[in-house]
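Below are the chains, spelled out letter by letter.
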Amino acid sequence: MKMLLVRKFRVLILMVFLVACTMHIMIDLLPRLERRGPESRPGCSCPPPAAAPPAPPRALASKHTLRILQDFSAEPASNSRRSRGRRRRSGRRARAGGGGAAGRAAGRARRLIGPGAPRPPPPAGNAAPLAALFEHPLYRAALPPLADGDLLFNVNSDIRFNPRAAEQPEWQNEDHHEEFLPTGETSIDSYPNWLKFHIGINRYELYSRHNPAIEALLQDLVSQKITSVAMKSGGTQLKLIMTFQNYGQALFKPMKQTREQETPPDFFYFSDYERHNAEIAAFHLDILDFRRVPPVAGRLVNMTREIRDVTRDKKLWRTFFISPANNICFYGECSYYCSTEHALCGKPDQIEGSLAAFLPDLSLAKRKTWRNPWRRSYHKRKKAEWEVDPDYCEEVKQTPPYDSGTRILDIMDMTVFDFLMGNMDRHHYETFEKFGNETFIIHLDNGRGFGKYSHDELSILVPLNQCCRIRKSTYLRLQLLAKEEYKLSLLMKESLLKDKIAPILYQPHLEAMDRRLRIVLKAVSDCIEKDGYDNVVENDFNTDVNTVATER
């Protein structure tokens, strides 16, 4: 009898164990089953969807073609393999043409990205200030003609856009004519918007004025289905890499502060929060006509459906929990503010964030990282050399690449840009390696801007005060934005209202920008009084534009 009871007890334990395992497996699979369509549910009586017509053989490598221009280097290998499989199964392929087709393709690309891009109609008499600003001659000056060497990607001849050409070199020598799709669009016109953005990058700008692909890309950032999420490695604060249904990628920075909160006065600049609304506002501050910030848009993200349920990053998934207030929270892994005490919580599972479009993959468009000459010490007690040496700029101007070309003027542009935002965290900057030293500085990582509206950090302006150099185009635009009819705060407010999570900036931040703009103009005025106009203001305009802009 005793042995019988022992056996029954063992059987009972085994049954409980099997039931527990079964329930665990079902709970794990349930979200995935819910995401699948009705055709995968055996109990569904709905008719199966009609089979799609077979894709033509030329389309087999399309998604791989588009994918190789996108930066997947920071995503886990498991996600990359999964995406690679999908890309091989569908899509259209952009193929390189022969001599005549190549010329036509290059012409289409320049119409899409260059100075000849479509412009909106002239504004009416009662047009909004922003539309009137873009009609001003300062905002209509054309770029120099773009040669092949001025384009980051040469879409008509670069074999990197054609996997088949890369795998079979002899394929390039065949006579291939320009491809037209059944809709009448050429293959370039059929590219997703993130790829059009990449194609549009040139020696002088990340994107052209009034480029319709940029507006469409901003819409994609807030509407495209998120298919994969992973943590960005190596960051001091939590950032997520999000992949979309159209295979584009963006960097997601979640909300850590409300709009009206200021950086605590006892915080060092290197331990300040990275704010999602600062990234969005920095993109719109390209009202200065620099066009050096990658497109950024705000989005309300469902933390359960669009992050937790689609991530394959186990380290990220393990940090999700439900707070005592029944809100979904997570904290990820990073150097600062990644703990239960600093968790990011939704309401109950919705959270705001900024999505910044990725630049092209480094394997396709290498970028060079430069140490900012006016980098801060990032130490609680030590000061940088420029903080104690008033003649520091003279030393910088004798050091390559600042001893020739326009790089020192680019630094001045970046200085003005950072001062208007109050951004003290500009330790490095990047340029595209293909263009050498004769190109612009990419204004990346602006999340520590717009932290204090009640304080103007004058140390950010030290490069301008020490060097006393500025582009004439920048100086004239700053003067224009100080006028009442083109007031910077009003223009920024109007531009930011286009974002889906507007309002982006607290009103005192907008007013602080007007105040800081006056400080910049006073600094340039002091330099001119000391050194003379021609020694301070570098004329980068041609004669016609210079005359018209000055008269206006």
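Computed from a prediction, not measured in an experiment: that's the story for all the values here.

Before we go on, may I ask you to explain the pattern of salt bridges in this structure?
Side chains that differ in charge, positive against negative, can pair when their charged atoms come close. Summed over the entire model, instances satisfying the criterion amount to 26 salt bridges. The shortest N-O distance in the salt bridge between Arg275 and Asp272 comes to 2.9 Å. Like Asp272, Arg275 is buried. The residue Asp418 makes a salt bridge to Arg426 at a minimum N-O spacing of 2.7 Å. Per residue, the accessibility class of Asp418 equals that of Arg426, and both read buried. Via salt bridges that share partners, Glu205, Arg209, Asp289, Arg291 and Arg477 belong to a single interconnected network.

Would you mind going over the state of the cysteines with me for this structure?
Linking two cysteines covalently through their sulfur atoms gives a disulfide. If you walk through the whole model with that rule in mind, you get four disulfides. Ordinal numbering of bonded cysteines along the chain defines a disulfide pattern of 1-4, 2-3, 5-6, 7-8.

Is there a simple way to think about the packing of aromatic side chains in this case?
Ring pairs (aromatic) are described by centroid distance and by the angle formed between their planes. According to the stated counting rule, one finds 17 aromatic pairs in the structure shown. Measuring from centroid to centroid gives 5.1 Å for Tyr269 and Phe270, while their planes differ by 85°, and the two rings are edge-to-face. Here Tyr269 matches Phe270 in class, with each residue buried. Here the aromatic residues Phe267, Tyr273, Tyr336 and Tyr337 are joined through ring pairs into a cluster of three or more. When the ring centre of Tyr269 is taken as reference, the NZ or CZ atom of Arg376 above it lies at 5.6 Å. If you follow Arg477 out to its NZ or CZ, it ends over the ring of Tyr139, 5.6 Å from the centre.

Quick question: what am I supposed to make of the side chain of Arg376 here?
Position of Arg376 among the secondary structure elements: in the loop between strand E9 (367–371) and helix H12 (385–388). The side chain of Arg376 is buried and forms no salt bridge, while Glu387, the nearest opposite charge, is found at 4.5 Å. Engagement of the side chain of Arg376 in a polar contact is seen with the backbone oxygen of Met424, the distance being 3.2 Å. A polar side-chain atom of Arg376 sits 2.8 Å from a polar atom in the side chain of Ser459.

Can you help me understand the nonpolar core in this one?
Soluble globular proteins: nonpolar side chains tend toward being buried together. Membership of the largest hydrophobic core comes to 118 residues, with the highest contact counts inside it found for Ile307, Trp374, Phe432 and Met492. If one sorts the elements of this core by residue count, helix H14 (residues 407–421) sits on top with ten residues. Residue assignment places this core across two domains, with domain 1 (191–357) and domain 2 (367–538) each supplying three or more.

Explain the sheet that holds strand E2 (residues 240–244) to me, please; I cannot follow it from the model alone.
In a beta sheet, neighbouring strands pair by backbone hydrogen bonds and run either parallel or antiparallel. The strand order across the open sheet built from five strands is E1-E2-E3-E8-E4, with neighbouring strands paired in antiparallel fashion. Of all the strands in the sheet, the pair left with one neighbour each is strand E1 (226–231) and strand E4 (296–302). Adjacent strand axes in the sheet meet at a mean angle of 35° when their direction is disregarded. Of the strand pairs in this sheet, E4 and strand E8 (residues 350–357) are connected by seven bridges, and their pairing is antiparallel. Bridging from a neighbouring strand, Leu300 pairs with Glu352 of E8.

Definitions and cut-offs
- Residues numbered from 1 in each chain as written.
- Predicted model: local features only at pLDDT ≥ 70, side-chain atom pairs only at ≥ 80, totals over all residues.
- Heavy atoms only, no water.
- Salt bridge = Lys/Arg side-chain N within 4 Å of Asp/Glu carboxyl O.
- Buried < 20%, exposed > 50% of the residue type's maximum accessible area, 1.4 Å probe, protein only.
- Disulfide = S-S within 2.5 Å.
- Phe/Tyr/Trp six-rings, centres within 6.5 Å; stacked < 30°, edge-to-face > 60°.
- Lys NZ or Arg CZ within 6 Å of the ring centre and 35° of its normal.
- Helix = DSSP H or I, 4+ residues; strand = E, 2+ residues; numbered from the N terminus.
- Lys, Arg positive; Asp, Glu negative; His and termini not counted.
- Polar contact = N/O pair within 3.5 Å; in protein donor to acceptor, adjacent residues only side chain to side chain.
- Core = buried A, V, L, I, M, F, W, Y, C linked by side-chain atoms within 4.5 Å.
- Domains from an automatic or database assignment.
- Pairing = 2+ DSSP bridges.
- Axes fitted to C-alpha atoms, helices over the stretch in contact; angles between N-to-C directions.

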